[in-house]
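Single-letter residue listing:
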Amino acid sequence: MKININFIDECSKGEYGTCQITNRDTINIEISRALNQDQSQFFVTLLHELLHAWLFVMKANDIKISIGREHKWIYSVQAVVFEALKLLNKKAKYAKNTPRKK
């Protein structure tokens, strides 16, 4: 599986980022430059879209999950990861950021 990450001016529907399967071997992630100028927001968006990609791979291997449960799971993982980042640097701006919702 190949994952392409592209930085674009704006996503088509105003999202912070998108994740799409383009064929059976490729996933494309797009990150909006306009909405992710802040470093902490960029980190949240990148993690969020990478988690979507991971779930796409799981779904391709017969894991069943609804889109609602997918986002609930992604938000919970984001919260754990950003809490764990505090262990690396208690003063890091991004460690204090709360996960965003789309």
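Residues numbered from 1 in each chain as written. Predicted model: local features only at pLDDT ≥ 70, side-chain atom pairs only at ≥ 80, totals over all residues. Heavy atoms only, no water.

1. Some thoughts on the pattern of salt bridges
Two side chains carrying opposite charge are able to pair once their charged atoms lie near each other.
Item 1. Inspection of the entire model under this criterion finds 2 salt bridges.
Item 2. Of the charged contacts, one joins R33 and D9 as a salt bridge, the two residues approaching to 3.4 Å between their closest N and O atoms. Pair noted here: R33 is in the loop between β3 (26-32) and α1 (39-60) and D9 is in the loop between β1 (2-8) and β2 (17-23), with a separation of 24 residues, a long-range link.
Item 3. Its relative accessible area of 46% is what places R33 among the partly exposed residues. (Salt bridge = Lys/Arg side-chain N within 4 Å of Asp/Glu carboxyl O. Helix = DSSP H or I, 4+ residues; strand = E, 2+ residues; numbered from the N terminus. Buried < 20%, exposed > 50% of the residue type's maximum accessible area, 1.4 Å probe, protein only.)

2. Some remarks on the nonpolar core
Item 1. Grouped together as the largest cluster of nonpolar side chains are 8 residues: V44, L47, L51, L55, I74, V77, F82 and L85.
Item 2. Broken down by secondary-structure element, the contributors of at least two residues to this core are α1 and α2 (67-85).
Item 3. Excluding its chain neighbours within four sequence positions, the residues that come into contact with L55 are E70, W73 and I74.
Item 4. C19, I29, I31 and F56 belong to the second-largest nonpolar core, a separate cluster that totals 6 residues. (Core = buried A, V, L, I, M, F, W, Y, C linked by side-chain atoms within 4.5 Å. Contact = heavy atoms within 4.5 Å.)

3. Points about α1
Item 1. The terminal C-alpha atoms of α1 lie 32 Å apart, and with 22 residues this matches the ideal 32 Å at 1.5 Å per residue to within 8%.
Item 2. Among the residues of α1, S40, Q41, V44, T45, L47, H48, E49, L51, H52, A53, L55 and F56 are the ones counted as buried.
Item 3. In this structure, the buried residues of α1 make contact with β1, β2, β3 and α2.
Item 4. Once α1 ends, the next one or two residues include D62, with phi positive near 70°. (Expected span 1.5 Å × (residues − 1).)

4. Re the packing of aromatic side chains
Item 1. Summed over all chains, the structure comprises 3 aromatic pairs.
Item 2. Between W54 and W73, the ring centres sit 5.4 Å apart and the planes meet at 40°, which makes this aromatic pair tilted. Here the residue W54 occupies a position in helix α1, and W73 occupies one in helix α2, the gap between them amounting to 19 residues.
Item 3. For W54, a relative accessible area of 47% puts it in the partly exposed group. (Phe/Tyr/Trp six-rings, centres within 6.5 Å; stacked < 30°, edge-to-face > 60°.)

5. Quick word on the sheet that holds β1
Item 1. Pairing within the open sheet is mixed, and its 3 strands lie in the order β1-β3-β2. Looking at which strands have only one partner, the edges of the open sheet turn out to be β1 and β2. Averaged over neighbouring strand pairs, the angle between their axes works out to 20° when direction is ignored.
Item 2. As paired strands, β1 and β3 are joined by 7 bridges and run parallel to one another. Within the sheet, the bridge partner assigned to I5 lies in β3 and is I29. (Pairing = 2+ DSSP bridges. Axes fitted to C-alpha atoms, helices over the stretch in contact; angles between N-to-C directions.)

6. Considerations on the confidence of the model for the protein
Do not read the predicted coordinates in detail wherever pLDDT is low.
Item 1. On average, the protein scores 87 in pLDDT, and the residues at 70 or more come to 86%.
Item 2. Within the protein, α2 has the poorest average pLDDT of any element, 90, and β3 the best, 97. (pLDDT = per-residue confidence, 0-100.)

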